[in-house]
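Structural overview
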Amino acid sequence: MNRFSLTFGFLVIAGSVCVAQENPNFLTPNEKAGGWRLLFNGTTFDGWRGYRMAGVPESGWAIENGLLKTVPRAKGRELITVDKFNDFELSWEW
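Residue positions are counted from 1 within each chain, in the order its sequence is given. Note on the predicted model: pLDDT of at least 70 is required for a residue's local features to be given, and 80 or more for side-chain atom pairs to be given and counted; whole-chain, interface and lining totals, by contrast, use all residues. Excluded from the side-chain calculation are hydrogens and water; included are all heavy atoms of the structure.

Re the overall build of the protein
What counts, and what does not: Each helix corresponds to a stretch of at least 4 residues labelled H or I by DSSP, and each strand to a stretch of at least 2 residues labelled E; elements are numbered beginning at the N terminus. Buried means the residue's accessible area, taken with a 1.4 Å probe over protein chains only, is under 20% of the maximum for its type, while exposed means over 50%, and partly exposed covers the values in between. By definition, residues are in contact when any of their heavy atoms lie within 4.5 Å. In short, Shrake-Rupley with a 1.4 Å probe defines the accessible areas, and a residue's cover is counted only from the protein chains shown.
Summing up its helical and strand segments, the protein has one helix and seven strands in all. Of the regular secondary structure in the protein, the N- to C-terminal order runs β-β-α-β-β-β-β-β. Within the protein, the proportion of its 94 residues that are buried is 21%. Counted over contacts in the protein with a minimum sequence separation of 6, partners at least 24 positions apart contribute 63%. Summed over all atoms, the accessible surface of the protein reaches about 7,000 Å², with 51% contributed by carbon and sulfur.

Concerning the confidence of the model for the protein
Filter applied, for reference: Confidence scores per residue from the predictor, reported as pLDDT, run from 0 to 100.
For the protein, per-residue confidence averages 76 on the pLDDT scale, and residues scoring 70 or more make up 72% of the total. Considering each helix and strand of the protein separately, the mean pLDDT is smallest for strand β1 (residues 3-8), with a value of 34, and largest for strand β3 (residues 48-50), with 95. Taken together, the stretch residues 1-21 has pLDDT below 50 and engages in 54 contacts with residues farther than four places along the chain or on a different chain.

Notes on the pattern of salt bridges
For the record, the criterion: Take a side-chain nitrogen of Lys or Arg and a carboxyl oxygen of Asp or Glu: if they are within 4 Å of each other, that pair is a salt bridge.
Under the defined criterion, the tally for this structure stands at two salt bridges. Lys69 serves as the salt-bridge partner of Glu64, at 3.3 Å between the closest nitrogen and oxygen. Glu64 gets classed as partly exposed once you look at its relative accessible area, which sits at 39%.

Shown next as structure tokens:
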């Protein structure tokens, strides 16, 4: 398992988010106690919006089988989180 951690102030996801777990959208009790939170709930675009938009872009993104994915050859906008973050740690596995 590879782990990647990065501290930065602004998150823009421009590609597909793919997780190779059966149920990737959960936190353990220890993670919750440590202040972790999920950015993607696996079912909706809650907490996300298009860059310089109030809502989610009409095209370019899809949720399939619990994954947030770009739609090939569809013109869309970048997704960003609705909330703003300062000095955080982002961690994912691949």
